Amino acid sequence: MLSGFLGGLPITAVIVRSSVNVNAGAQSKLSVIWHGILLLVCGLFFEELLNTIPLASLAAVLIFTGYKLASPALFIRQWRRGLSQFLPFLVTVAGIIAFGMLVGLAAGVLAQLLYSTWGSHRSAIQLTRYDDHYVVRFNQNLTFLHNPRLQQQLDKIPDNSVVIAEHESAEYIDPDIRMTLADFQTGAAARGIRIDRWPM
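About the cut-offs
- Residues numbered from 1 in each chain as written.
- Predicted model: local features only at pLDDT ≥ 70, side-chain atom pairs only at ≥ 80, totals over all residues.
- Heavy atoms only, no water.
- Pairing = 2+ DSSP bridges.
- Helix = DSSP H or I, 4+ residues; strand = E, 2+ residues; numbered from the N terminus.
- Axes fitted to C-alpha atoms, helices over the stretch in contact; angles between N-to-C directions.
- Buried < 20%, exposed > 50% of the residue type's maximum accessible area, 1.4 Å probe, protein only.
- Arc of directions from axis to C-beta.
- Contact = heavy atoms within 4.5 Å.
- Right-handed = clockwise from strand over helix to strand, strands pointing away.
- Core = buried A, V, L, I, M, F, W, Y, C linked by side-chain atoms within 4.5 Å.

Caption draft 1: Quick look at the sheet that holds strand E1 (residues 125-130). Taken in spatial order, the four strands line up as E1-E2-E3-E4 in an open sheet, and their pairing is mixed. The open sheet has two edge strands with one neighbour each: E1 and strand E4 (194-196). Averaged over all neighbouring strand pairs, the angle between strand axes comes to 20°, with direction disregarded.

As structure tokens, then:
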């Protein structure tokens, strides 16, 4: 009750009670207060009656509620939203089942951070072709971790082409990256490659 008066949504950290409120059509924090009142009344006046409920029945209710919270339809919806949404969701569900709520949530957050970092890493360097002109675009600051990606993109540039570098978005370029760029520039003349706006 106190949690509800102070603006809290659940009276405990149990998702079942929160989902019961939502499924019952609750639209305000008043539902939390009423839920607390009902639990208090049941605990004070119906203790013996509550103890007659078989634990197997309570377990069945929990399993059914858990099924509704993570139904196959929810998995399908997350899959359709793309791997960036599905992978952290799957890691979270598996972590909760295997290790518990807190560890599962932490694993899900970590999976989201790693996936976002990987996506940012892949989009940091882009190579675009216009006939025999190639534009190497640096979309963010580059660290040594981007060196393999840069080397991979530079290897796609054929002989006798024009290469333009757009590096205005990169305020910082790691010395390892600059060394790779310098090596490419050194060997460009022998391959008939003309370089324009190359970072120095």
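Resuming the write-up.
Caption draft 2: Highlighting helix H9 (residues 147-154). Listing the buried residues of H9 in full gives Arg149, Leu150, Gln153 and Leu154. All buried residues of H9 fall inside an arc of 130° around its axis, so they share one side. Tucked into the core, H9 has its buried residues touching helix H8 (101-123), E1, strand E2 (133-138) and helix H10 (175-188).

Caption draft 3: Local environment of the pairing of strand E3 (residues 162-166). With four of its five residues buried, E3 lies for the most part within the structure. As judged from the five bridges shared by E2 and E3, these two strands associate in the parallel manner. By the bridge assignment for E3, His133 is matched with Val162. Of the pairings in the sheet, the one linking E3 to E4 comprises three bridges and is parallel in character. Looking across to E4, one finds that Val162 is bridged to Arg194. Regarding topology, H10 serves as the crossover connection from E3 to the parallel E4, and that connection is right-handed.

Caption draft 4: Highlighting the environment of Thr143. Along the polypeptide, Thr143 turns up in the loop between E2 and H9. Sequence-wise, Thr143 and Leu102 are 41 residues apart; in three dimensions their C-alpha atoms are separated by 33 Å. Those residues in contact with Thr143 that lie beyond four places of it in its chain are Asp174 and Ile177.

Caption draft 5: Fine view of the pairing of E2. Strand direction decides the pairing type here: E1 and E2, joined by six bridges, are antiparallel. By the bridge assignment for E2, Arg129 is matched with Tyr134. Traced from E2 through H9 to E3, the parallel crossover comes out right-handed.

Caption draft 6: Quick peek at the nonpolar core. Formed by 19 residues in total, the largest nonpolar core has its most connected members in Phe138, Leu154 and Ile157. Among the elements of the structure, E2, H9, E3 and H10 are those that each provide at least two residues to this core. With four residues, the top contributor of residues to this core is H10.

Caption draft 7: Representation of the environment of Leu110. For Leu110, the position within the fold is in helix H8. Put simply, Leu110 and Pro88 are 22 residues apart on the chain and 8.1 Å apart in space, counted from C-alpha to C-alpha.

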